[in-house]
Each structure stands twice: as structure tokens, then as C-alpha cells.
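Analysis of the macromolecular model
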Amino acid sequence: MNIAVDLATVWAFIIAFAVFVYVVMDGFDLGLGILFPLFPDKRDRDVIMNSVAPVWDGNETWLVLGGGGLMAAFPLAYAVLMPALYTPMIAMLLGLVFRGVAFEFRWRTTRARNRWDIAFFGGSLLATLAQGIALGAILQGVQVEGRHYAGGWWDWLTPFSMLTGVSLVIGYSLLGATWLVMKTEGELRDRAYHLSWVLLLAMLGAIAAVSIATPFLHIQYTERWFAWPNVLMTAQVPISVAVVTALLLRSLANKYDYQPFFLTLALFTLSYAGLGISMYPYIVPQSITIWQAAAPENSQLFMLVGVAGLIPLILGYTAWAYWVFRGKVKPESGYH
Amino acid sequence: MFEGWDAVVLARAQFAFTMSFHIIFPAFSIGLASYLAVLEALWLATGREVYINLFNYWLKIFAVAFAMGVVSGIVMSYQFGTNWSAFSDKTGPVIGPLMAYEVLTAFFLEAGFLGVMLFGLNRVGPKLHFLATLMVAVGTLISAFWILSANSWMQTPAGHTVNEAGQFIAADWLKVIFNPSFPYRLVHMVLAAYLTTALVVGAVGAWHLLRDRHLAGPRVMFSMAMWMATLVAPIQIIAGDQHGLNTLEHQPVKIMAMEGHFESHKHGAPLILFGLPNQSTGRVDYAVEVPKLGSLILKHSTDAPMAGLDTVPRENWPPVAITFWSFRIMVGMGLLMLALGLFSLLMRVQGKLYDSRLLHMFAVAMAPAGFIAVLAGWITTEVGRQPFTVYGLLRTVESASPLAAPAVASSLIAFIIVYFAVFAAGVIYLLRLMAAPPHPGEEGPSSHEAPIRTAGITPAAQGVGS
């Protein structure tokens, strides 16, 4: 009994970790896609794409681990959530199809390059919006009967899910802009730098809006955040957000290369922790806890062996790949 | 009732459609990744420029095909949840870990080293770069291992129990992974991937030899591909036969459908070569058959009795006509591959491998044969498993999501439109890349900045596509 409880918690953290790594890693390359229309020059676009072309595929694999891990460790949650999120999930997949092939296709044509640039932008925007909407839809809860989703196929569509959708678009764009500040030079970097300012302000507005709206969704969220003595602990999150924001503003004012990106990651981490505080221990809010959804012990144990041994290895060679392609992307060296 | 049935049919159509598109790319990239590793190894060992030219030539093709495989694969991995949620709930504890291991051991490996393989030769040097190529090739094979294990478990489930919630639970993971049909399926699929790639490489080589038989790159790739066809096509036929015997043992009803045996034969079953299986009358119309040969092939005795579908309740029959015909298409393609291999061996022995226009035209015509055979083979085995998702244990109608038909219908339409638009463009780009022969000094996709530079030497930029 005890070990089962522990395993479910362990797996909740593993899935949360996989989804988080996905959010920040694919987040910045989806953000680059969303920013594409603001960089109409072909040379800028080439540089932007080259800054992630060698690593985007690895970034996206975390999404497959998040989904596959959910099915394996919490099959009931997977079986309830996926039909509940049917439309956003299909939209996300189609968006990722367009986005993913654009990386290869736009080098293989001159006549249709503009079309694949639009596909890169549209696919990135659609996938991001869908992910944000899915997040909002999960937070507001879904209808469950027995072991099935019992709602309709438009239940996900609410003002709150629209808010989370737009917020994620802003967040990913900020990640993308600060990535460009880090990875590029000259005029391109300047434009990304100015964009970072605007997007940071928008991001702070989005965080505030989602934070204010969430407690109104359900009494349990309110209690989790504001009940005494919980508030002593939960208050650390907004305080940390304020500190990171101050540091981020300072790093932008000083025009640092690396700090804005990593501080934005910190901002994402805090927002994500906030989500975790709201949801735990539910995996389908208000309906199914991680213990109710957990796969049998032997499935979770069998996979734990693989995760414990392989995740450090994966992080190792992923870091190596980023190291190989470190430094600024130089556009001029491509012209000879 | 009727509406629920409708959504299941639509979900099946969607799965069949997205799966058929997807399987084409792994079938090609498994073989191509190994081929690239061989080319780079040959280059490192001999220093001959032709190998690195071929490597860079096929690397660009690999990059485009791999991207299409990745994006269509992500769709597959989420479709279990969106369209088959009851299946996910019930089989998740068994199938889920197998797929999670595929991600952990294969997808990350491929994706992690792909960037270095595509863009990193100048940054890490030849030795580390070869390691990256090798990791990508090994990753594709590990991926095949896990996904075929999961699929085989659905075909010949073993090593499990069922809990009170109706979920399958592993009792013995080794028995789950190495279930009875897994070794046969894995060998058959990997060989199919190698043959598929060889036929494409051979066709591209032959195409350019038809134009100029002195080109070094096309000569090398044509010769390598024909060796593969000569050696592997017969092995594949033996592997397929063994797989068939395994299916007869564990999924006899599927064999009945493949053979069109509606009726039992007490004294030796015929081999029905062609005919029109009629599901409603339970007969094969216009059958052309060889007496006793069916028993000889499957039981290695002309008089062995063979049970037919008349021994099985009708509600457990798979769709016979589809299974029957897809099986014949696969076998037909296999025999043509055998013919190509033998023909090329004959020409090689006579020293006319690079001169026989007939052989080259045959090889060009065979370019799609591997894809057709792979698709037909998957249709045979997947449709033959119906009406179950987990053979004999979980019905397809009990596996679907509680969705209304309009939801599944709209997503199906969206997938059809998007896939045809996106993948048609991809195939055009692949054909363009293949339409130009490998150049001396062929560049890869390539160094960090080089997509800008390579744009100058791709056929597109030379005006073919612009």
C-alpha cells in the first residue's frame, strides 16, 4: 500500500518533469515560429531557423515522453483527458505537422519557401494556442462518469481556456525572443531585444490574469492558495516571481546576452510550480487523483528502472548536442 | 447504438489512414539510416570520395523523410488517447511501458544525435560524427524492437493477467515483450525496411545509369542495392514463411482469411491463387486453386486437414476479402523482388551489371515495390486481427473513445487534407533530390550555416523547382 502511494507520487513528478522540459525546450522553438512574421527578411529567418534546426527534434521528443508516460503510468487519466481535449489535441498535432516539416521543406524550394514560412508560423501558433487551451481546460476540470469522459466535444472552450491559450502564446514568444538575444548578433539581436521588453510586460500581465482567475474556478484552488497556514508556503511563489521579474528587468536594461533567457526559464518554472500547487494531488482536477489513476505497481516499477537509468543519459547527450552547436549563429559565414 | 458504431468505423478509418502514411517513412528511414552508417564507415575505412558523396546525397533525402516520419509518428502516439481511450485505459499498463521504453531508448537517441549527424561534421570531426550516425541507425532499430513488441502483444498476447477494473496487467514482462509472434514480426519488418530502402537506392542508381552509365556514385549505389536484393529477398521469403507458420499456430483465423478458407478441408486444403471472397455467402467466387497445395505449404503434408472459417462464429470473422487480397499483393511484390535480385546476379556474373538497360528499367519500376509490400503486409496483419484489438480478448468496438461521430469525422477530414498537402510536397522534394545524380563534392544538409550555402546547389535553386 505504502509503496503504491509513493510510486504514484514519484510518477506524478516524472510526468510533470517531462512536460516541463517539453514546455521550456519546445517552448522557445515554437516561440521562434510565432515571431517569424516580425522578421520578414529571408536572411534573418534563415538564422532564426538555424539556431534551433539541430536540436528541435530532441525538444519535441519530450512531448512524446509526456504523452506516452501518462498512458503508461496513469492510463485512466490519459483515457479521460484525451477525449476531453479532443479538438485542441488534434489541432496541436496538425500544427506540429506543419511546423515540423517546415524545418526541412523550406530549404528544398525557393518558389514555395514563403509558403513553408507561413506553415512554420501558423503551425507554431496553432500548436501553442492548443497547448495553452488544453492547460486551461484541464484546470477547469472535466466531466467524468465511471472510467470515461462524459462531457461534450466543445466543453474545453471557455473564456478561461482562451486566456491560458493566449498567455502561453505570449510566454513562448518571450522564450523565443530571449533565445534570439542569446543566439544572434547585430540588427537581428537588437530587434529581438526590443521585442523581449514588450513581451515581458505582456507576460507579467498574463501571469497576473491567470493567477487571479484560477482561484475563482473552484473553491479548492482558493483554499489551497489562501488557507492558513498554507499561505505561508504558497506566498513564496508570487514573492519569487517578483524577485525574478526584477532580475529580468535588470538583465534586459543591461543588455545581457544569456541572463534574459535563463531568467525567463525561471519565470516559467515558477508559473509551472504554481500550477502544480493548484492541481496536486489531482491529475484530472476535482475528479481523479494520481492514486486513482495510477497503473498497477509492476508497470510503474518496470518503467521506473528505465527512467532512472536513462533520463540522466538522455540529459547528458542532449546537453552535448547543445554544446556542439553553442555560440552565436553567424549569418555572414554562410555566404561565400 | 448505431451512432456509436459509426464513430468506431470512423476511428478505424482514421487509424488506418494515419498509420498507412506513417509506416512508409520508418520503413524507409530504418533502412536508410543503416545504409548511411555503412557509407560513412566505408568512407572512413577507404577514404574514397565516392562514399562521402553518396553519404551526403542520401543524408539530405534522409532528413526530409525523417522529418515526415517524426511528425506523423507524434500523431500516432496521441491517437491512442484521442480515438481509443478505452483501449488505452485497459491496455495502458502493458502497452504503455513498452512505448515509453521506445521513447526513452530510441526516440531520444535518434533525435539527440540527428542534429550532429545532419549539421555537425565540421564541428565534431569525422569519428564523433560517425558515432552520431551510428546512434541514429541503432535508434531506428531499437524503435522497431519496441513498437513491434507492442504490436505483437496485441496480436499474440502473453504474460498478462486482468484486474477487477478490466485492465491488462503484466505478470511477466519478459513474456510480454518476447511474446510468441514477436521474433518473427521483428525480423520480417526489419528485413522489409532494408529491402524497401535497397529498392529505392537501386532505382535511383538505375535511373542515373540509364542516363550515363559511367557515373561513379550511381554505379556504387546500384551495385550495393542489388547485392541487398539478391541476398535479402530470399531470406525474407523464408522469414515470411516462418512467420506464416507462427500465425497458423497462434492466429489460425487470420490464416483462414488470408487463404480464403471459408470451408474446412478434411483431406488436404487447396491453395486458392485468386478469387473474390464473399463475406456474406461465405464462399470464394471464381476461385482459381491448386488442390492440396495449401496443406503442403502450411502443414508440409498434402493430406493434412485444415479447419476453415465455418468452425468460427461469424462475429469473430475478420474482413476476408481485404486480408486475402493484401496478402497476395505482398507475396507478389516479394516474388518480384526475388526476380530482380536473381536477374541482377545473372547480369553481375556476366559482367553486365552497369550495361543492361532492361535490368535498370526493371529496377526503376521496382522503386515503390517495397512500400507497397510493407503497406499490404501491415494491412494483412492488422485487418486479419479484427474484430479484436487485443486478439481474442478485447474487441475493437470495446476499445474506442466515447466520442460522437461528428468529432471523429471532422478530425479524419482534417488529417486527410493536411496529410495529402504536406506529404505530397515532401514526396515532390524527395523526388527532386533524387532526380539529380550525386555530385563530386556533394554537400550535406549540412554544417551549421550551410543550409544557406547548400541552397545554391540544390536542384531547387538550380531552377528545376523554381
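Below is a short write-up of the structure. Because the structure is a prediction, the values reported are computed rather than measured. (Residues numbered from 1 in each chain as written. Chains lettered and ligands numbered in written order. Predicted model: local features only at pLDDT ≥ 70, side-chain atom pairs only at ≥ 80, totals over all residues. Heavy atoms only, no water.)

1. Let's talk about the overall build of chain B
Each helix and strand counted, chain B has 14 helices and six strands in total. Radius of gyration (C-alpha) of chain B: 24 Å, near the 23 Å computed for a compact globule of 466 residues. Counting every position in chain B, which comprises 466 residues, the buried fraction comes to 60%. Sequence separation of at least 24 residues holds for 77% of the intrachain contacts in chain B that already meet a minimum separation of 6. Put simply, chain B shows about 17,300 Å² of open surface, and 70% of that area lies on carbon and sulfur atoms. For chain B, the distance from the average position of its 25 positive side-chain charges to the average position of its 25 negative side-chain charges is 8 Å. (Helix = DSSP H or I, 4+ residues; strand = E, 2+ residues; numbered from the N terminus. Rg over C-alpha atoms; globule rule 2.2 N^0.38 Å. Buried < 20%, exposed > 50% of the residue type's maximum accessible area, 1.4 Å probe, protein only. Contact = heavy atoms within 4.5 Å. Areas by Shrake-Rupley, 256 points an atom, 1.4 Å probe, with all protein chains shown as cover. Lys, Arg positive; Asp, Glu negative; His and termini not counted. Charge placed at Lys NZ, Arg CZ, Asp CG, Glu CD.)

2. Notes on the interface of chain B and chain A
With 82 residues of chain B at the contact, the number on the chain A side is 70 residues. Carbon and sulfur atoms supply 74% of the area that chain B and chain A bury against each other, a total of about 7,000 Å² over both sides. Our enumeration of links across chain B and chain A arrives at one salt bridge. Applying the counting rule to chain B against chain A returns 16 residue pairs in polar contact (both at pLDDT 80 or more). Contributing elements (two or more residues each) for the side of chain B that touches chain A: helix 2 (49-83), helix 3 (85-119), helix 4 (121-155), strand 2 (168-170), helix 5 (173-177), helix 13 (405-435) and helix 14 (450-454) of chain B. The greatest single-element share of the side of chain B that touches chain A, amounting to 26 residues, is contributed by helix 3 of chain B. Of the residues contributing to the side of chain B that touches chain A, the split by class is 54 nonpolar, 22 polar and six charged. (Buried area = accessible area lost by both parts, 1.4 Å probe. Salt bridge = Lys/Arg side-chain N within 4 Å of Asp/Glu carboxyl O. Polar contact = N/O pair within 3.5 Å; in protein donor to acceptor, adjacent residues only side chain to side chain. Nonpolar A, V, L, I, M, F, W, Y, C, P; charged D, E, K, R; others polar.)

3. A word on the nonpolar core
A general feature of soluble globular proteins is that nonpolar side chains tend to end up buried together. By size, the foremost hydrophobic cluster in this structure holds 231 residues, and its most contacted members are Trp 62 and Phe 74 of chain A together with Trp 58 of chain B. The element best represented in this core is helix 2 of chain B, accounting for 21 residues. Setting aside anything within four residues of it in sequence, one finds Phe 74 of chain A in contact with Ala 8, Trp 11, Ala 12, Ile 15, Gly 69, Ile 283, Ile 290, Ala 293, Ala 294, Ala 295 and Gln 300 of chain A. (Core = buried A, V, L, I, M, F, W, Y, C linked by side-chain atoms within 4.5 Å.)

4. Concerning the pairing of strand 4 (residues 283-290) of chain B
All names here are of chain B. Sheet topology note: the strand 3 (residues 271-278)/strand 4 ladder contains six bridges and is antiparallel. By the bridge assignment, Asn 278 is partnered in strand 4 with Arg 283. Where strand 3 folds back onto strand 4 in an antiparallel hairpin, the turn is made up of four residues, including Gly 282, whose phi is positive at roughly 70 degrees. (Pairing = 2+ DSSP bridges.)

5. Structural notes on a nonpolar patch on the surface
Residues and elements named next belong to chain B. A cluster of nonpolar side chains, contributed by Leu 273, Phe 274, Leu 276, Tyr 286, Val 288, Val 290 and Trp 325, occupies part of the molecular surface with about 680 Å² of accessible area. Secondary-structure elements contributing two or more residues to the nonpolar patch are strand 3 and strand 4. Inspection of the secondary structure assignment puts Phe 274 in strand 3. (Patch = residues over 30% accessible without salt bridge, like charges linked within 9 Å, V, L, I, M, F, W, Y side chains within 5 Å.)

6. Concerning the environment of Arg 395 of chain B
Note that Arg 395 of chain B resides in strand 6 (residues 394-395). Sequence-wise, Arg 395 of chain B and Leu 104 of chain B are 291 residues apart; in three dimensions their C-alpha atoms are separated by 30 Å.

7. Considering the pattern of salt bridges
Residue and element names in this part refer to chain A. Taken as a whole, this structure holds 14 salt bridges over all chains when the rule is applied. Across the pair Arg 99 and Asp 26 runs a salt bridge, and its minimum N-O distance is 3.3 Å. Of this pair, Arg 99 sits in helix 5 (residues 86-105) while Asp 26 sits in helix 1 (residues 2-35), placing them 73 residues apart in sequence. One exposure class covers both Arg 99 and Asp 26, and it is buried. Residues joined by salt bridges that share partners form a network here, namely Lys 42, Arg 45, Asp 46, Arg 106 and Asp 117.

8. Considering the environment of Pro 270 of chain B
Residues and elements named next belong to chain B. In this structure, Pro 270 sits in the loop between helix 8 (252-259) and strand 3. Pro 270 sits 25 residues away from Ser 295 along the chain, and the two C-alpha atoms are 6.8 Å apart. With residues near it in sequence (within four places) discarded, Pro 270 still touches His 261, His 265, Glu 289, Val 290, Pro 291, Lys 292, Leu 293 and Gly 294.

That's the geometry; what it means functionally is another story.
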